[in-house]
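Close look at the chain arrangement
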Amino acid sequence: MIAYIEPYFLENDAEAASAATAAGKSTDGVSESLNIQGEILCGGAAADIAGRDFGGMNCVKPLAVVRPVGPEDIAGAVKAALRSDKLTVAARGNGHSINGQAMAEGGLVVDMSTTAENHFEVGYLSGGDATAFVDVSGGALWEDVLKRCVSEYGLAPRSWTDYLGLTVGGTLSNAGVSGQAFRYGPQTSNVTELDVVTGNGDVVTCSEIENSELFFSVLGGLGQFGIITRARVLLQPAPDMVRWIRVVYTEFDEFTQDAEWLVSQKNESSFDYVEGFVFVNGADPVNGWPTVPLHPDHEFDPTRLPQSCGSVLYCLELGLHYRDSDSNSTIDKRVERLIGRLRFNEGLRFEVDLPYVDFLLRVKRSEEIAKENGTWETPHPWLNLFVSKRDIGDFNRTVFKELVKNGVNGPMLVYPLLRSRWDDRTSVVIPEEGEIFYIVALLRFVPPCAKVSSVEKMVAQNQEIVHWCVKNGIDYKLYLPHYKSQEEWIRHFGNRWSRFVDRKAMFDPMAILSPGQKIFNRSL
Ligand SMILES: Cc1cc2nc3c(=O)[nH]c(=O)nc-3n(C[C@H](O)[C@H](O)[C@H](O)COP(=O)(O)OP(=O)(O)OC[C@H]3O[C@@H](n4cnc5c(N)ncnc54)[C@H](O)[C@@H]3O)c2cc1C
């Protein structure tokens, strides 16, 4: 048996594993020897699942994919890696990373989808206000969490991502940001307990009071400290409907001042969702005016724009929750009280009313379109940053108005967030200064027939933006970061680096976990 396992786990040789599978050798013996109840796939089958990601710019060969039944199987894979001298383990959520973060070249990839349904239980926190929560699996997709919470309990998580085909463990390993984050913080601020398999192979329950160092390490921890198998996610009563509104600005200062005013209002006295984006001042269907209206019957009327406006325009995107029992006039009054204060261009206001679940699943339609036209499968050289309020004006002048003034063939998001909603005990890093900072997301799509050089140009433009930020002392951090050298990671974490290293030494001292982040090298 040991001789048979060797090519898989001791020599860490993907070719040998492939050959064994191709030769028709069953991997059952491996499962038994590891005491894993789930499946193990090698060779082409493993590469098909874990060799690529949504970014489509990296391609590696994992040694094997482990399809666990539960945390014991995951611990079994980690312990097998600990016994070897170079094997690594990466959890793979839905593989929606851009730069190979969920990959393990020559290592074991844990396919979290097989554990997606292991947990689903709603309960109430002890204490005065009896806040509801749901225990869900780290491998569950947020869209499934949404549908079950709403249909079975009339409840819903409070903080989301825009797109919900992402896993609970995957977004909690980063932050999880959308238009609700100004009020509730990112998803990492909305969980109270986790079950984690650490890089030591231990299965540990942790929270703010129990094993708290592990709890805060794992949140935003880029998969470096443990694999999340269960998360306790805070819930709120789900509204029935959302009024979804877009208003257009020609001036960045007015756009940001209004957005900042909205996110700074006291709880419940603002919209429930606040985002924004930049678009090209032109008729281009992917980058320009047609991207703004919310319904096929709406039309963007460019004659409403002043002659003086520039190459790009700005759109504030808002959502107001309501119940079926609320009268139209009540909802209208709530909307007008807020929107009456805003300085958008008259005549460039669009709105629709949608069921709450449809609103949260709004990006699903874009996914379907991208799948139909082939741009879901092509590379996605995306760039996500957090930029402080201090520097967002300069960023607008140089990046939005110059470098990407013709668009990025996809959305260019920009909207404010509040530092006080982020817990600095987690591993997430955000800009250093001030209460308000902005998320910026350049979500580039590549046409199926594009040349390789056009992807390279996009990557180069991303690098140019980052270099400009560094050179000009912009207070920024990459979100969903990706670096090639440890020096760059040290700069990224700044004065948090030593804490990150100490946490690694505590929970994954052999650097087994998430090698695709390229932060630490596997040690003996
Ligand atoms: C179309 C699209 C829209 C997006 N929209 C948003 C958005 O609105 N807001 C936002 O914040 N982000 C957004 N993202 C980014 C998203 O949060 C990241 O891609 C994230 O990595 C989640 O994807 P995933 O579940 O597929 O994780 P993966 O890409 O599979 O994994 C990401 C990292 O987490 C680790 N990991 C995965 N599962 C676990 C686990 N259970 N425990 C510990 N570590 C784990 C992996 O090893 C890897 O290092 C979007 C991405 C895409 C492709």
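All values derive from a computational prediction rather than experimental measurement.

This paragraph deals with the nonpolar core. If you look at the biggest cluster of nonpolar residues, it comprises 135 residues, and the most contacted ones within it are Val-177, Leu-194, Phe-300, Leu-316 and Phe-395. Per-element tally for this core: the top contributor is strand 13 (residues 312-322), with eight residues. Summarising the domain contributions, this core has at least three residues from each of domain 2 (120-237) and domain 3 (241-478). Excluding anything up to four places from it in sequence, Val-177 contacts Trp-160, Thr-161, Asp-162, Pro-186, Phe-386, Tyr-415, Leu-417, Trp-422, Ile-439 and Tyr-479. In terms of nonpolar packing, the next biggest core, distinct from the first, is built from 20 residues, Cys-42, Val-89, Leu-108 and Ile-512 among them.

Moving on, we get to the confidence of the model for the protein chain. Per-residue confidence for the protein chain averages 93 on the pLDDT scale, and 93% of its residues sit at or above 70. Throughout residues 1-14 the model reports pLDDT below 50, and contacts reaching past four residues in sequence, or to other chains, amount to 40 contacts. In the predicted structure, residues 19-26 sits below a pLDDT of 50 and forms seven contacts with residues beyond four places in sequence or in another chain.

The interhelical angle for the contact between helix 14 (residues 389-403) and helix 15 (residues 452-471), taken along N-to-C directions, is 160 degrees, at an axis separation of 11 Å. As far as their axial angle goes, helix 15 and helix 14 are roughly antiparallel. Of the two elements, helix 14 crosses helix 15, and the hand of that crossing is right-handed. Along its contact with helix 14, which presents Asp-394, Phe-395, Thr-398, Val-399 and Leu-403, the element helix 15 presents Gln-461, Glu-464, Ile-465, Trp-468 and Cys-469. Of the residues belonging to the contact of helix 14 with helix 15, the class tally is six nonpolar, two polar and two charged.

For the rest of this paragraph, the subject is the domain arrangement of the protein chain. By domain assignment, the protein chain separates into domain 1 (2-114), domain 2 (120-237) and domain 3 (241-478). A separation of 38 Å is found between the C-alpha centroids of domain 1 and domain 3. At the junction of the two partners, domain 1 supplies seven residues and domain 3 supplies nine residues. Interface area lost by domain 1 to domain 3 is led by Phe-54, Met-57 and Ile-98, which between them contribute 75%. At the junction of domain 1 and domain 3, the tally comes to zero salt bridges. Where domain 1 touches domain 3, the interface holds two residue pairs in polar contact (both at pLDDT 80 or more). Residue classes in the side of domain 1 that touches domain 3 are distributed as three nonpolar, three polar and one charged.

Moving on to the site of the ligand. The local shell around the ligand holds 34 residues, among which Ala-91, Gly-93, Ser-97, Thr-167 and Tyr-479 are the closest. Between the ligand and Ala-91 there is a distance of 2.6 Å, counted from an oxygen atom to a backbone nitrogen or oxygen. Here a nitrogen atom of the ligand sits 3.1 Å away from a polar atom, N or O, in the side chain of Ser-173. Burial of the ligand by the protein amounts to 95% of the accessible area it has alone, namely 950 Å². Taken together, the elements giving at least two residues each to the shell around the ligand come down to strand 3 (89-92), helix 7 (168-172) and strand 10 (226-237). Considering only residue class, the shell around the ligand consists of 14 nonpolar, 18 polar and two charged. Formed jointly, the shell around the ligand draws a minimum of three residues from each of two domains, domain 1 (2-114) and domain 2 (120-237).

The next subject is the environment of Glu-210. Turning to its location among the elements, Glu-210 is positioned in the loop between strand 9 (203-207) and helix 9 (212-218). Glu-210 gets classed as partly exposed once you look at its relative accessible area, which sits at 39%. Separated by 75 residues in sequence, Glu-210 and Pro-285 have C-alpha atoms that sit 52 Å apart.

The strand order across the open sheet formed by eight strands is 14-11-13-12-16-17-15-18, and the pairing between neighbours is antiparallel. Single-partner strands in this sheet number two, and they are strand 14 (349-355) and strand 18 (476-478). Across the sheet, the mean angle separating the axes of adjacent strands is 20 degrees when strand polarity is ignored. Here seven bridges tie strand 11 (residues 241-249) to strand 14, and the two strands are oriented antiparallel to one another. Bridged to Ile-245 within strand 14 is Glu-351. Helix 11 (residues 328-339) rests against strand 11, strand 13 and strand 14 of the sheet, and its axis sits at about 145 degrees to strand 13. Across the sheet, helix 15 lies against strand 15 (383-388), strand 17 (436-442) and strand 18, angled at about 145 degrees from strand 18, the strand it touches most.

Bringing helix 5 (residues 71-83) into the picture now. End to end, helix 5 covers 18 Å across 13 residues, agreeing with the expected 18 Å (1.5 Å per residue, within 8%). Listed as buried for helix 5 are Asp-73, Ile-74, Ala-75, Gly-76, Ala-77, Val-78, Ala-80 and Ala-81.

Locating Lys-504 in the fold gives a position in helix 17 (residues 497-507). Ignoring anything within four residues of it in the chain, the contact list for Lys-504 reads Gln-224, Phe-225, Pro-509, Ala-511, Leu-513 and Phe-520.

Let's shift gears to the sheet that holds strand 3. The strand order across the open sheet built from four strands is 1-2-4-3, with neighbouring strands paired in mixed fashion. This sheet does not close on itself; its edge strands, each paired only once, are strand 1 (39-42) and strand 3. Strand-to-strand, the axes of this sheet are offset by a mean angle of 25 degrees, without reference to chain direction. Two strands pair when backbone bridges link them, and strand 1 and strand 2 (residues 64-67) are joined in this way by four bridges, in the antiparallel orientation. Bridge pairing in strand 2 links Glu-39 to Arg-67. On the sheet, helix 4 (residues 43-50) packs against strand 1, strand 2, strand 3 and strand 4 (108-111) and is oriented at approximately 100 degrees with respect to strand 1. Of the strands in this sheet, strand 2, strand 3 and strand 4 touch helix 5, which is tilted by about 155 degrees from strand 3.

Cut-offs applied
Residues numbered from 1 in each chain as written. Predicted model: local features only at pLDDT ≥ 70, side-chain atom pairs only at ≥ 80, totals over all residues. Heavy atoms only, no water. Core = buried A, V, L, I, M, F, W, Y, C linked by side-chain atoms within 4.5 Å. Buried < 20%, exposed > 50% of the residue type's maximum accessible area, 1.4 Å probe, protein only. Helix = DSSP H or I, 4+ residues; strand = E, 2+ residues; numbered from the N terminus. Domains from an automatic or database assignment. Contact = heavy atoms within 4.5 Å. pLDDT = per-residue confidence, 0-100. Axes fitted to C-alpha atoms, helices over the stretch in contact; angles between N-to-C directions. Parallel < 35°, antiparallel > 145°, perpendicular 65-115°, else oblique. Left-handed = near helix turned anticlockwise from the far one by under 90°. Nonpolar A, V, L, I, M, F, W, Y, C, P; charged D, E, K, R; others polar. Buried area = accessible area lost by both parts, 1.4 Å probe. Salt bridge = Lys/Arg side-chain N within 4 Å of Asp/Glu carboxyl O. Polar contact = N/O pair within 3.5 Å; in protein donor to acceptor, adjacent residues only side chain to side chain. Near = heavy atom within 4 Å. Areas by Shrake-Rupley, 256 points an atom, 1.4 Å probe, with all protein chains shown as cover. Pairing = 2+ DSSP bridges. Expected span 1.5 Å × (residues − 1).

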